[in-house]
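# Structure at a glance
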Amino acid sequence: MSEVAEAPVLMPAKRRGAQLAMLGFAVVIVMGAYANVGLALDGAIPSGMLTYGLGLGGFMLAAYLVLAKFAPWADPLILPLVTVVNGIGLVMIYRIEASGARGTGGASATNQLIMTGAGVVLFAITLVVLRDHRTLQRLTYTAGFAGLFLLISPLIPGLGKSVNGATIWIGFGPAIIQPAELAKIALVIFFAGYLVAKRDVLALAGRRLLFIDLPRARDLGPVLITWAVSLGVLVLQKDLGSSLLLFGTFIVMLYIATQRTSWVLIGILLFVGGAFLASQIFDHVHARIEVWLDPGNAEFFNRELGGSAQLMQGLFAMGAGGILGTGLGQGHPYLIPLSFSDFIFTATGEELGLTGLMALLMVYALIVQRGLRTALAARDPYSKLLAGGLSFILAWQVFIIVGGVTNLIPLTGLVTPFMSQGGSALLANWILIALLVRMSDSARRPPPQAIQNEGMTQVFQR
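Notes on the structure follow. Fair warning: this is a prediction, and the values are worked out from it, not measured in the lab. (Residues numbered from 1 in each chain as written. Predicted model: local features only at pLDDT ≥ 70, side-chain atom pairs only at ≥ 80, totals over all residues. Heavy atoms only, no water.)

### Observations regarding the overall build of the protein
Along its length, the protein carries 17 helices and 5 strands. Residue burial in the protein is summarised as follows: out of 462 residues, 52% are buried. Counting contacts in the protein only where the partners sit at least 6 residues apart, residues at least 24 apart contribute 72% of the total. When the accessible surface of the protein is totalled, it reaches about 20,600 Å², and 67% of it is carbon and sulfur. (Helix = DSSP H or I, 4+ residues; strand = E, 2+ residues; numbered from the N terminus. Buried < 20%, exposed > 50% of the residue type's maximum accessible area, 1.4 Å probe, protein only. Contact = heavy atoms within 4.5 Å. Areas by Shrake-Rupley, 256 points an atom, 1.4 Å probe, with all protein chains shown as cover.)

Below, the structure is given as structure tokens:
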């Protein structure tokens with residue numbers, strides 16, 4: 001009977017072994033890129049390569065062991081994919097720091113590696129403490145109030161900090177964090193719980209306009225409240241990124257819950273209309289639109305705050321990289337302001353080219369695809385909404401930052417997930433991945449009877 005009890009651990013062993021192999025391959029890719037930077041800059045392998053390799057490999061091995069113990073049925077691809085993106089970000093930050101050029105003093109690969117370790121710790125704690133993600137449904141309104149408080153906390157006098165014109169930080173002595181990164185997770189938990197409870201009401205149709213069934217007027221309240229909050233973030237905090245991220249996520253989750261296209265159309269009209277109105281009333285919003293429409297204008301380029309110089313330098317860098325890039329360590333990413341943070345995507349594009357950027361976007365797409373696959377496999381509506389919302393918010397954030405630095409949409413203050421230097425975003429995204437892993441384990445785990453039957457089969461075969 002003891003062998004039967006061990007069966008649930010033995011069954012996913014091959015899958016976990018494949019995951020460990022992929023994880024090792026991901027670390028090898030990162031270390032190869034790290035060595036390439038050193039050879040390009042100094043003609044020798046960096047002296048700290050072993051330290052960085054052991055550090056990154058050790059952190060990911062710890063994450064793997066916790067995952068294998070507490071979520072053995074989880075999707076085996078998510079952790080290796082995240083490791084690749086996180087590792088490439090470390091390499092680029094090291095490359096920018098090693099250049100020693102003016103304006104790169106904030107880049108620190110060591111600090112980013114430490115924050116990666118802290119992110120892995122939060123990943124592990126989430127998996128150990130949260131054995132059943134459905135318990136989060138009981139905290140629906142608590143998560144909503146917590147998310148809203150985190151979102152508006154930078155506006156509290158004495159607590160909020162303004163950086164580069166945007167009031168999106170809170171400070172505790174020398175330490176500052178961006179609470180919106182944690183707020184996005186809390187608000188997705190709230191949206192999932194609220195929409196599961198109200199989806200039947202929100203799905204009711206009112207009048208029909210052309211080929212669209214419009215919702216009832218009385219059901220517009222949640223959408224209008226979320227719209228007002230997102231515009232408040234845009235106007236008061238000067239944070240277009242969080243505003244767009246919040247409202248877009250709510251509308252998509254509302255669509256997933258109700259399957260009504262009318263909610264998406266109403267959401268688009270509300271946000272575009274609100275943003276246009278804000279651009280006519282508030283100077284800082286109008287300035288963002290001006291830069292987006294004509295970034296090459298000399299007046300905007302030379303503007304001290306909110307100008308287009310950073311955007312144009314990023315576009316020049318990607319143009320210089322071409323299809324295959326200049327090669328790691330052979331470009332000039334330090335010419336881009338905040339190339340290690342907001343504009344790390346364009347800095348990577350210069351040295352890895354369009355090919356490297358497409359590969360990175362494919363990795364992000366695979367992470368999102370695995371999350372959406374978890375949503376499809378989930379056995380209850382709450383899990384489907386939560387997994388779908390977390391997957392979308394990651395994809396939406398990548399789209400917003402990539403669209404901003406390529407001038408597809410107005411530039412925002414978001415950072416590239418797992419790549420950009422910054423503690424708040426990195427820690428929050430590791431928690432997000434832990435939640436997806438937990439839900440993946442629940443969705444892929446066979447029913448107890450199937451596990452017991454398989455265990456008996458293994459015993460008889462022995």
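Further notes follow.
### Focus on the side chain of Thr 346
Assignment of secondary structure puts Thr 346 in helix 14 (residues 344-377). According to the relative accessible area criterion, Thr 346 is buried, its value standing at 0%. In terms of polar contacts, Thr 346 uses its side chain to reach the backbone carbonyl oxygen of Phe 343, at 2.8 Å. If sequence neighbours within four positions are ignored, Thr 346 has contacts with Gly 314, Ala 317, Met 318, Ile 336 and Val 405. (Polar contact = N/O pair within 3.5 Å; in protein donor to acceptor, adjacent residues only side chain to side chain.)

### Some remarks on the packing of helix 4 (residues 78-99) against helix 14
Interhelical geometry of helix 4 versus helix 14 gives an angle of 160° and a closest axis separation of 9 Å. Taken as axis vectors, helix 4 and helix 14 run roughly antiparallel relative to one another. When you trace helix 4 past helix 14, the crossing you get is left-handed. Here Ile 78, Leu 81, Val 82, Val 85, Ile 88, Gly 89, Met 92, Ile 93, Arg 95 and Ile 96 of helix 4 come into contact with helix 14, specifically with Ile 344, Ala 347, Thr 348, Glu 351, Leu 360, Val 363, Tyr 364, Leu 366, Ile 367 and Arg 370. Looking at the contact of helix 4 with helix 14 residue by residue, the classes come out as 15 nonpolar, 2 polar and 3 charged. (Axes fitted to C-alpha atoms, helices over the stretch in contact; angles between N-to-C directions. Parallel < 35°, antiparallel > 145°, perpendicular 65-115°, else oblique. Left-handed = near helix turned anticlockwise from the far one by under 90°. Nonpolar A, V, L, I, M, F, W, Y, C, P; charged D, E, K, R; others polar.)

### Considerations on the nonpolar core
Core analysis: the biggest nonpolar cluster contains 119 residues, and Phe 123, Leu 195, Leu 386, Trp 430, Ile 433 and Val 437 have the highest contact counts within it. Per-element accounting of this core gives the leading share, 14 residues, to helix 15 (residues 381-405). If we skip the residues at most four places from it in the chain, Ile 433 touches Ile 78, Val 82, Phe 123, Ile 367 and Phe 418. (Core = buried A, V, L, I, M, F, W, Y, C linked by side-chain atoms within 4.5 Å.)

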